[in-house]
Number of protein chains: 2
Amino acid sequence: MARTSAPDDSAARSTGRRRSGRPGHDADSVLRVAARVFNERGYDGTSMEDLARALGVTKSAIYHHVSGKTELLRRSLDLAMDALFEVTGEEGATTGRAIDRLEHVMRGSVRVLVEELPHVTLLLRVRGNTDVEKRALERRRRFDHLIADLVREGVVDGDVRSDVDPAVASRLLFGMVNSIVEWYKPDRGLACEEIADALVRIAFQGMRASKE
Amino acid sequence: MARTSAPDDSAARSTGRRRSGRPGHDADSVLRVAARVFNERGYDGTSMEDLARALGVTKSAIYHHVSGKTELLRRSLDLAMDALFEVTGEEGATTGRAIDRLEHVMRGSVRVLVEELPHVTLLLRVRGNTDVEKRALERRRRFDHLIADLVREGVVDGDVRSDVDPAVASRLLFGMVNSIVEWYKPDRGLACEEIADALVRIAFQGMRASKE
DNA sequence: TGTGTCACCGACCGTTCGTTCAGTAGACCG
DNA sequence: CGGTCTACTGAACGAACGGTCGGTGACACA
């Protein structure tokens, strides 16, 4: 009874132009599998042997594609943060009322989170043990500040309730968003938009049924 | 530059009756420190050497108090789940309208989460790698079902909005609650009740400022 | 058939891991 | 002082860890 699913030999070049040389994995396919296994067992709880088994190769083969375990982590975390920051640069996140920009970032984050689930999940579990993790935490902190600023602006505009601390509110909001990685299963139907709709509804109008 | 704070030699018997024998740690003080370090570096990322350093003893000393690393994890997880389930057994969680019971459990969870922060944090990070972790995940699942049932009842009562899936809603709600472990710092003032108030307000009425 | 290119194997290295064990040290009581 | 309780040390163990290296296998194109 294996702890991880069968070897992922769908591998690299199932799509795109075929390259010369022996077929098999490439750096990207290794990263994709690694991120999945890191999520199943935790980064520290995953050995290179575990990764090799999931890839269907010996562990020395992995070093042909990446320099080591930490590079896999770094690339995964960078990929996740890049995607999140891209959302904050979109037009909907930079123009208009603060509360609408906030909604845009929330919906965009849900989308990124679902599209890049393994990488974002990894990002949200980082503890800061190594330099690579510390750097990711630093980027996350910048993202969080950006959200808190949006909430503050929303309060000033009179669109966001003023009886809760914006710092606390923004953290609770994205606690809600980020929790998606804990239970979302890509296979189980449930489109990204449905989740985003439910999220925005609860976040902005609350759980309580409207009075009439 | 140490990665963890100075040795915790406030130790066991700072409070309560003094026992006979050489002074130092006991099983409980070891557990308390262990849970803290597990949170800082992750369970798998923490070596017995790390624990020993944080305790101010050699690692062999730890085995005088507990049978091993997994026992520390098991006791920590059990402690957290016991506290959470105690909330669900309180009167406020078993009588009255569903939406009020839900609020009671949410407030109680926030309290437990703040009081037993290291243990609950550990619980929320469990991946299911070992039997001990699998058992904890099983208990968590039972807790989650209980919440989902409350939301469903609330919808039937007409108190909870019916345009979001109760399963999704309950997960988002407790995603919000659980996110507290990611940013709450006990020292930084911010009482447990203030957080619970902000949480309940956002959860039930939403972020948007009321119309008048 | 030969050549270039890329993917991989298997044996091995030094280190760190969780754990064990025989012995030691300090505080209290008589 | 001796006796008893509890807490701890230091050296060692086998296993597992991340990583290295020289050699081999499989395809594309000529």
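Keep in mind that what you see is a predicted model, and the values were worked out from it rather than measured.

Chemist: Help me understand the domain arrangement of chain A in this model?
Modeler: Frequently, the measure chosen for interface size is the accessible area removed from exposure when the parts meet. Residues and elements named next belong to chain A. Here chain A is partitioned into domain 1 (27–62) and domain 2 (74–205). The C-alpha centroid of domain 2 is placed 27 Å from the C-alpha centroid of domain 1. The interface of domain 1 with domain 2 comprises nine residues on the first partner and eleven residues on the second. If you look at where domain 1 meets domain 2, you find one salt bridge. Note that Arg 75 is salt-bridged to Asp 28, the shortest N-O span being 3.2 Å. At the junction of domain 1 with domain 2, the criterion picks out two residue pairs in polar contact (both at pLDDT 80 or more).

Chemist: Hey, could you run me through the protein's contact with DNA strand D in this one?
Modeler: For DNA strand D, the set of nearby residues contains 25 residues, the closest of which are Arg 22 and Met 48 of chain A together with Thr 58, Ser 60 and His 65 of chain B. For DNA strand D, the backbone portion of the atoms within 4 Å of the protein, that is sugar and phosphate, comes to 50%. In the model, a base oxygen of DNA strand D is placed 3.0 Å from a nitrogen or oxygen of the Lys 59 of chain A side chain. One of the backbone nitrogen or oxygen atoms of Thr 58 of chain B is found 2.7 Å away from a phosphate oxygen of DNA strand D. A breakdown of the residues in the surface near DNA strand D according to their chemical character gives five nonpolar, 13 polar and seven charged.

Chemist: Just to check I follow, could you spell out the protein's contact with DNA strand C for this structure?
Modeler: The local shell around DNA strand C holds 27 residues, among which Thr 58, Ser 60 and His 65 of chain A together with Arg 22 and Met 48 of chain B are the closest. Counted by atom, the contact set of DNA strand C within 4 Å of the protein is 54% sugar and phosphate. Between DNA strand C and the protein, one listed contact pairs a phosphate oxygen with a backbone N or O atom of Thr 46 of chain B at 3.2 Å. Separating a phosphate oxygen of DNA strand C from a side-chain N or O atom of Tyr 63 of chain B is a distance of 2.9 Å. Listed by contribution, the elements that provide at least two residues to the surface near DNA strand C are helix H3 (59–62) of chain A together with helix H3 (59–62) of chain B. Class assignment of the residues belonging to the surface near DNA strand C gives a composition of six nonpolar, 13 polar and eight charged.

Chemist: I tried to follow the packing of aromatic side chains on my own but got confused; where do I start?
Modeler: Geometrically, a pair of aromatic rings is defined through the distance of the ring centres and the angle of the planes. As enumerated under the stated definition, the model contains six aromatic pairs over all chains in all. Ring centres of Phe 143 of chain A and Phe 174 of chain A lie 5.7 Å apart, and the angle between their planes is 80 degrees; this geometry places the pair in the edge-to-face category. Here Phe 143 of chain A, found in helix H8 (residues 131–157), pairs with Phe 174 of chain A, found in helix H9 (residues 166–178); they are 31 residues apart in sequence, far enough to count as distant. Here Phe 143 of chain A matches Phe 174 of chain A in class, with each residue buried. Ring geometry for Phe 38 of chain B versus Tyr 43 of chain B: centroids 4.9 Å apart, planes at 75 degrees, classification edge-to-face. On the basis of relative accessibility, which here comes to 1%, the residue Phe 38 of chain B falls in the buried class. Counting every residue linked through ring pairs, the aromatic cluster contains Phe 85, Phe 143 and Phe 174 of chain A. The side chain of Lys 69 of chain B reaches across the aromatic face of Tyr 43 of chain B, ending 4.6 Å from its centre. Lying over the aromatic face of Phe 204 of chain A, Arg 208 of chain B brings its terminal NZ or CZ to 5.3 Å of the ring centre.

Chemist: Can you help me understand the nonpolar core in this one?
Modeler: For soluble globular proteins, the rule of thumb is that nonpolar side chains tend to be buried together. With 132 residues, the main nonpolar core has Met 106, Val 110 and Leu 172 of chain A together with Met 106 and Val 110 of chain B as its most contacted residues. Discounting residues that sit within four places of it in the chain, Met 106 of chain B has contacts with Leu 173, Phe 174, Val 177, Leu 199, Ala 203 and Phe 204 of chain B.

Chemist: I tried to follow helix H9 (residues 166–178) of chain B on my own but got confused; where do I start?
Modeler: Note on helix geometry: an α-helix contains 3.6 residues per turn, so any two residues three or four positions apart are oriented the same way. All names here are of chain B. With 13 residues, H9 should reach 18 Å at 1.5 Å per residue; the first-to-last C-alpha distance of 18 Å fits that figure. Most of H9 is tucked away, with ten of its 13 residues classed as buried. Residues Pro 166, Val 168, Ala 169, Ser 170, Leu 172, Leu 173, Phe 174, Gly 175, Met 176 and Val 177 constitute the buried set of H9.

Chemist: Looking at this model, I keep getting lost on the pattern of salt bridges. Mind explaining?
Modeler: Side chains carrying opposite charge are able to pair once their charged atoms draw close together. If you walk through the whole model with that rule in mind, you get 40 salt bridges over all chains. Connected via shared salt-bridge partners are Asp 78, Asp 82, Arg 135 and Arg 139 of chain A.

Chemist: Got a minute to help me understand the relation of the copies chain B and chain A in this structure?
Modeler: Note on the chain copies: they are related by a rotation about an axis and a translation along it. Its rotation angle being 180 degrees, the transformation that places chain B on chain A also includes 0.0 Å of axial translation and leaves an RMSD of 0.1 Å. In short, the pair behaves as if placed about a two-fold rotation axis. Proximity to the rotation axis, assessed at the C-alpha, singles out Gly 206 of chain B in chain B; its C-alpha lies 1.9 Å from the axis. When the interface residues of chain B are mapped onto chain A, 100% of them are again interface residues, pointing to one common binding face.

Thresholds, definitions, all that
- Residues numbered from 1 in each chain as written.
- Chains lettered and ligands numbered in written order.
- Predicted model: local features only at pLDDT ≥ 70, side-chain atom pairs only at ≥ 80, totals over all residues.
- Heavy atoms only, no water.
- Domains from an automatic or database assignment.
- Contact = heavy atoms within 4.5 Å.
- Salt bridge = Lys/Arg side-chain N within 4 Å of Asp/Glu carboxyl O.
- Polar contact = N/O pair within 3.5 Å; in protein donor to acceptor, adjacent residues only side chain to side chain.
- Near = heavy atom within 4 Å.
- Nonpolar A, V, L, I, M, F, W, Y, C, P; charged D, E, K, R; others polar.
- Helix = DSSP H or I, 4+ residues; strand = E, 2+ residues; numbered from the N terminus.
- Phe/Tyr/Trp six-rings, centres within 6.5 Å; stacked < 30°, edge-to-face > 60°.
- Buried < 20%, exposed > 50% of the residue type's maximum accessible area, 1.4 Å probe, protein only.
- Lys NZ or Arg CZ within 6 Å of the ring centre and 35° of its normal.
- Core = buried A, V, L, I, M, F, W, Y, C linked by side-chain atoms within 4.5 Å.
- Expected span 1.5 Å × (residues − 1).
- Least-squares fit on C-alpha atoms with pLDDT ≥ 70 in both.

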